[in-house]
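# Architecture and fold: a report
Below are the chains, spelled out letter by letter.
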Amino acid sequence: MKNILISIPAYNESENIFPLYEAITTVTEQLKNDYSFEILFINDGSTDETVSTVLKLAEKNQDISLIDLSRNYGKEIAMSAGFDYFTHDAMVTIDADLQHPPLAILEMIKLWELGYEDVYAQRNARKGESWLKKTTSKMFYRVLSKMSDVSVLPDAGDYRLLDKKVVVALNKLRETQRYTKGLYNWVGFKKIAIEFDAEPRLHGETKWNFGSLVKLAVEGITSYTTAPLKLSMFFGFIISSLAFIYMIYVLIKTMIYGADTSGFPSLMIVMLFLGGCQLISIGIIGEYLGRIFMETKQRPLYFIEDTYDCKKDKNNKS
Ligand code: UDP
Ligand code: MG
């Protein structure tokens with residue numbers, strides 16, 4: 001019998017816990033002869049009843065575990081707590097808000113049995129998401145794919161089944177500034193996509209606002225590729241070449257016609273333009289430097305307040 005871990009990062013999702021568990025059990029029931037499932041909720045510092053709801057559910061059901069993180073670390077870190085907990089044969093990560101239909105797990109497992117090690121679900125349509133979010137995320141993936149050597153798959157979220165091998169590989173990557181979608185691609189392994197229809201969130205509000213999406217985008221680019229550094233060098237080279245040509249032109253003009261105070265506007269333009277380019281480049285370098293600074297601290301990714309492990313708990317009782 002193969003063990004599968006279903007890992008669910010949850011931040012203020014108390015209303016979704018019961019419906020989600022119900023939806024997951026309709027799937028696990030169908031497979032219970034061949035697989036055993038453990039359903040792990042990772043509470044990411046929720047301020048609502050998420051923990052007590054999960055514990056209430058765990059009283060009646062044998063397959064529920066809980067990791068309660070010491071504060072809100074963000075979804076990426078919460079997911080890595082699930083990777084660390086993993087000792088199974090495969091794991092499925094799924095959102096708590098029922099935007100990821102659990103029914104797709106059936107197909108994921110089928111493909112996993114065929115030898116695929118990373119079965120990821122791709123959104124067909126993003127129901128209930130704003131036009132702005134859809135377009136900006138599309139643009140972001142296009143830019144990221146152009147800039148990096150490893151392609152990032154658009155519309156593939158974190159809803160996926162990972163084989164043991166992939167999770168072991170991911171656990172070796174301990175960077176604190178995590179862009180997990182990039183990491184999945186970086187580690188490689190046999191990947192295949194399945195499609196699903198994204199549903200609108202069942203209860204509660206999305207935790208992403210425009211600011212946090214921009215932050216994730218910057219994180220995605222700077223922790224995944226050094227292309228912006230190359231780009232700023234490229235622009236610096238072009239601009240200084242142009243400036244050099246202009247310098248020769250001014251020099252010759254002055255030698256032939258003598259100096260005059262006209263030319264002040266063009267001087268200002270060149271100065272301001274170069275100043276702007278320099279500030280942008282310094283900003284890009286600063287972004288990477290900040291990243292290096294954060295990584296040199298070598299802090300652990302997260303701290304755990306409490307764990308409720310269904311396997312251990314069962315052993316204690318017996
Ligand atoms: N989440 C989390 N920590 C956070 C924000 C979100 O663990 O700081 C979880 C959240 O509970 C949900 C998943 O990550 O299970 C996706 O979050 P959300 O639905 O807000 O994102 P969206 O689907 O809008 O991208
Ligand atoms: Mg969601």
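Residues numbered from 1 in each chain as written. Chains lettered and ligands numbered in written order. Predicted model: local features only at pLDDT ≥ 70, side-chain atom pairs only at ≥ 80, totals over all residues. Heavy atoms only, no water.

### Some details on the coordination of the magnesium ion (ligand 2)
Put simply, the ideal angle at a metal is 109.5 degrees for four donors in tetrahedral geometry and 90 or 180 degrees for six donors in octahedral geometry. Short version of the rule: Water is not among the atoms examined, so metal sites may look incomplete; donors are the N, O and S atoms within 2.8 Å of the metal, or within 3.2 Å for Na, K and Ca. Working definition: with a 1.4 Å probe on protein chains only, accessible area under 20% of the residue-type maximum means buried, over 50% means exposed, and in between means partly exposed.
Each protein donor to the magnesium ion (ligand 2) is listed here as Asp97 (OD) and Gln99 (OE1); together their distances run 1.8 to 1.9 Å. The pair formed by aspartate 97 and glutamine 99 is uniform in burial state, with each residue classed as buried.

### Thoughts on the site of ligand 1
Heads up, the rule is: When we say a residue is near a molecule or strand, we mean one of its heavy atoms is within 4 Å of it. N or O atoms within 3.5 Å of each other form a polar contact, as long as, within protein, one can give a hydrogen and the other can take it, and as long as residues adjacent in sequence are counted only when both atoms are side-chain atoms. All accessible areas in this document rest on Shrake-Rupley with a 1.4 Å probe, and a residue is counted as covered only by the protein chains that are shown. Here the term charged refers only to Asp, Glu, Lys and Arg, the term nonpolar to Ala, Val, Leu, Ile, Met, Phe, Trp, Tyr, Cys and Pro, and the term polar to all other amino acids, Gly among them.
The immediate surroundings of ligand 1 are formed by 17 residues, with Glu13, Asp44, Asp97, Gln99 and Thr206 found nearest. One of the backbone N or O atoms of tyrosine 11 is found 2.9 Å from an oxygen atom in ligand 1. Glutamate 13 places a polar side-chain atom, nitrogen or oxygen, 2.6 Å from an oxygen atom of ligand 1. Burial of ligand 1 by the protein chains amounts to 90% of its free accessible area of 530 Å². Each residue belonging to the shell around ligand 1 can be placed in one class, and the counts come to 5 nonpolar, 4 polar and 8 charged.

### Topic: the environment of threonine 28
Where we set the bar: Per the convention used, a helix needs a DSSP run of H or I reaching at least four residues, while a strand needs a run of E reaching at least two, with both numbered from the N terminus. It only takes one pair of heavy atoms within 4.5 Å for two residues to be counted as in contact.
Take threonine 28: it is sitting in helix α1 (residues 14–31). The exposure class assigned to threonine 28 is buried, which follows from its relative accessible area of 8%. Considering only alpha carbons, one finds threonine 28 and serine 145, 117 residues apart in sequence, at a separation of 36 Å. When near neighbours in sequence (up to four residues on either side) are disregarded, threonine 28 contacts Ile6 and Phe37.

### Some thoughts on helix α9 (residues 227–257)
Our working rule: For a helix, the expected span equals 1.5 Å multiplied by the residue count minus one.
Here α9 contains 31 residues, and its C-alpha end-to-end distance of 44 Å stays within 8% of the 45 Å for a straight helix at 1.5 Å per residue. Within α9, burial applies to Ala227, Pro228, Ser232 and Ile239. Buried residues along α9 sit in contact with α5 (131–147), α8 (210–222) and α10 (264–296). Within two residues after α9, glycine 258 carries a phi angle of roughly 80°, on the positive side.

### Concerning the pattern of salt bridges
Selection rule: Definition used for salt bridges: Asp or Glu carboxyl oxygen within 4 Å of a side-chain nitrogen of Lys or Arg.
A complete count under the given rule lists 11 salt bridges for this structure. Across the pair lysine 164 and aspartate 89 runs a salt bridge whose closest N-O atoms are separated by 3.9 Å. Of this pair, lysine 164 sits in helix α6 (residues 164–172) while aspartate 89 is found in the loop between α3 (75–85) and β4 (90–93), placing the two residues 75 residues apart along the sequence. The residue glutamate 287 makes a salt bridge to arginine 291 at a minimum N-O spacing of 3.4 Å. Placement of both glutamate 287 and arginine 291 in helix α10 is noted, with a separation of 4 residues, approximately one turn of the helix. For glutamate 287, a relative accessible area of 32% corresponds to the partly exposed category. Since its relative accessible area comes to 10%, arginine 291 is described here as buried. A single network of salt bridges, built from pairs that share partners, joins Lys75, Asp95 and Asp158.

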